[in-house]
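# Overview (structure and organization)
Chain by chain, the residues run as shown.
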Amino acid sequence: MIIEKLTLRNFRNYEETVLTPHEGVNLFFGANGSGKTNLLEAIHYCALGKSHRITGDQSAVRIGESFAACGVDVRSGGVKREISVRLVPNEAAKKVILLDQKQIKRFSDMMGCLQCVIFSPEDLGLIREGPSVRRRYLDMMISQVNRGYFIALQQYRSGLEQRNALLKNMRGNQRPNFGLLEVFEQAMAGPAEVIVQERIRVVELLSRLAAETYRGISGREEEEFQAGYHSAFRESGNVQEDFVRVMRENREEDLRLGITSAGPHRDDLNLSLNRKNMKVYASQGQIRTAALSLKLAQMKALRQMSGEPPVLLLDDVMSELDKERRMRLVSEISDYQTFITCTDETDLELESDKRIYHVSSINGKAQLELTNPGLEEEKPILKEPDFS
Ligand SMILES: Nc1ncnc2c1ncn2[C@@H]1O[C@H](COP(=O)(O)OP(=O)(O)OP(=O)(O)O)[C@@H](O)[C@H]1O
Ligand SMILES: [Mg+2]
């Protein structure tokens, strides 16, 4: 997959910017706060309809402006597509997404049109933090290649919200209406099965790829890195039946707590080194290697599942890695289109062709300057997509 054009308008500290990226490496360097991550964020919006940051859509609209827009032209398997996202603060229809200039009705319609993997220093959280970080990692990956999975996630979440609301309402009732709870549980069972089965299948592939990558980076045959999917619904081999049974068994307790205490929303990705829980036993270096291996495995898994290489976004990761890991990463990503940010241009010694942009912020406006004009961009034209 190749992004042929990227446009930003009133997006964070960008006023109007259009660039035609290189098919290989695109390097953005500049001071802290200049606007490097904002560029990657815009690409993430075009891939998944939302930011990779945990911020609301409204914060992406340039201060003082009435809308923000970002867009990409993507080429994938000989097919060209145009994706544009427009964010409007304080309006009912806050987000409008166009695919080939037509407004999409469901987020699922855009899934997979642009696939990306983002690498960032926060990836260490995949090992160090709680299960929600790992579920998000799985969900973001699988949703990009499997629309059915993304739809099942949405249906499940909506059922879960309704079941939780009902539990809270029924708290303190002498005779709670379990029949109504059952309606939601039955509706959640189908999506739960899709989610669990697909996570199991993808984690098997990931585990294989991540273990191989881990061995390559660490150079230690005796260190065995494994990923396994941990779920409460694998007992009988029938996820729907297990799900309905566990929901029924948990009702009294869930009613007391006012939340649904088990479900795919509580499952986890177990990460182990030589069969010991990494979170508890691994060293700093082992955690770094595992986090990088998981991301490289995600990149390879996406490519295997969709047949197309995803676009890679590397946000400030180079300075975090030691020389060996950095070289390993560089060799692994050589045939992907890559957007790399760093504060110092010398952070990255790459053999490959690349465009190098200097990013600076002048009076609160981000400016991009191509520093190796040997790789001149064709003159880009900023065309306003029709969001009306
Ligand atoms: N809605 C907005 N309107 C205007 N400016 C914004 C908006 N949101 C963020 N900014 C500005 O964008 C800048 C941050 O950009 P970004 O996160 O891309 O920086 P960076 O170059 O990645 O920095 P670092 O090297 O520290 O990671 C800040 O200066 C911030 O004030
Ligand atoms: Mg940044």
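Residues numbered from 1 in each chain as written. Chains lettered and ligands numbered in written order. Predicted model: local features only at pLDDT ≥ 70, side-chain atom pairs only at ≥ 80, totals over all residues. Heavy atoms only, no water.

## Digging into the sheet that holds strand β10 (residues 268–273)
Spatially, β9-β10-β11 is the arrangement adopted by the 3 strands of the open sheet, whose pairing is antiparallel. In the strand order of this sheet, the two ends are held by β9 (225–230) and β11 (276–277), each with one partner. In this structure, β10 lies alongside β11, joined through 2 bridges in antiparallel fashion. Residue Leu273 lies in a different strand from β11, and its bridge partner there is Lys276. (Pairing = 2+ DSSP bridges. Helix = DSSP H or I, 4+ residues; strand = E, 2+ residues; numbered from the N terminus.)

## Section: the domain arrangement of the chain
What the domain assignment reports for the chain is domain 1 (1–115 + 309–388) and domain 2 (127–307). Using only C-alpha atoms to locate each centre, domain 1 and domain 2 end up separated by 29 Å. If you sort the residues of domain 1 by the area they bury against domain 2, Met111, Gln115 and Arg325 come out on top, with a joint share of 28%. For the pair domain 1 and domain 2, the interface holds 2 salt bridges. For the salt bridge of Glu332 with Lys300, the shortest nitrogen-to-oxygen distance reads 3.2 Å. Summed over the shared surface of domain 1 and domain 2, the result is 10 residue pairs in polar contact (both at pLDDT 80 or more). (Domains from an automatic or database assignment. Buried area = accessible area lost by both parts, 1.4 Å probe. Salt bridge = Lys/Arg side-chain N within 4 Å of Asp/Glu carboxyl O. Polar contact = N/O pair within 3.5 Å; in protein donor to acceptor, adjacent residues only side chain to side chain.)

## What to know about unusual backbone geometry
Positive phi, close to 65°, is recorded for Arg275, a residue that is not glycine. For Arg275, a relative accessible area of 63% puts it in the exposed group. Positive phi values are uncommon outside glycine, yet Asn363 reaches one of about 50°. By the secondary structure assignment, Asn363 is in the loop between β14 (354–362) and β15 (365–370). By relative accessible area, Asn363 is classed as exposed at 75%. (Buried < 20%, exposed > 50% of the residue type's maximum accessible area, 1.4 Å probe, protein only.)

## Regarding the layout of surface pockets
If you roll a probe as big as a water molecule over the atoms, it shows you where there is empty space left. Put simply, the largest pocket is a space of about 750 Å³. What lines the largest pocket is a set of 33 residues, among which His52, Ser120, Glu122, Asp123 and Arg136 lie closest to the centre. Of all elements in the fold, only α1 (36–48), β8 (116–119), α2 (125–128), α3 (131–145) and α8 (284–306) reach the threshold of two or more residues within the lining of the largest pocket. Looking at which element gives the most residues to the lining of the largest pocket, the answer is α3, with 6 residues. Here the lining of the largest pocket is composed, by residue class, of 10 nonpolar, 14 polar and 9 charged. Taken domain by domain, the lining of the largest pocket gets at least three of its residues from each of domain 1 (1–115 + 309–388) and domain 2 (127–307). Around the second largest pocket, the lining is made up of 22 residues, and of these Lys50, Arg136, Asp139, Leu153 and Arg157 lie nearest the centre. Every element with two or more residues in the lining of the second largest pocket is listed here: α3, α4 (147–170) and α5 (178–218). (1 Å grid on protein atoms, 1.4 Å probe; cavity = no way out; pocket = protein on both sides within 12 Å on 5 of 7 lines; lining within 4 Å. Points joined across faces, edges and corners; volume = space filled by probe spheres on them. Nonpolar A, V, L, I, M, F, W, Y, C, P; charged D, E, K, R; others polar.)

## As for empty space enclosed by the protein
Tallying each qualifying case throughout the model produces 2 cavities of 30 Å³ or more. Reported here for the second largest cavity is a volume of approximately 130 Å³. When residues in the lining of the second largest cavity are grouped by element, the largest group, 4 residues, is from α8. Residues that form the lining of the second largest cavity fall into these classes: 7 nonpolar, 1 polar and 4 charged. Composition of the lining of the second largest cavity by domain shows at least three residues from each of domain 1 (1–115 + 309–388) and domain 2 (127–307).

## Some thoughts on the environment of Gly77
Tracing the chain through its elements places Gly77 in the loop between β4 (68–76) and β5 (79–87). Classification of Gly77 by relative accessible area gives exposed; the value is 59%. Placed 231 residues apart in sequence, Gly77 and Glu308 show a C-alpha to C-alpha distance of 7.2 Å.

## Concerning the site of ligand 1
In the region of ligand 1, 17 residues are neighbours, and Gly33, Lys36, Thr37, Asn38 and Arg53 sit closest. Taking Asn32, its side chain carries an N or O atom lying 2.9 Å from an oxygen atom of ligand 1. Ser59 has a polar backbone atom sitting 2.9 Å from a nitrogen atom of ligand 1. Compared with its free state, where it exposes 660 Å², ligand 1 has 71% of that area covered by protein. (Near = heavy atom within 4 Å. Areas by Shrake-Rupley, 256 points an atom, 1.4 Å probe, with all protein chains shown as cover.)

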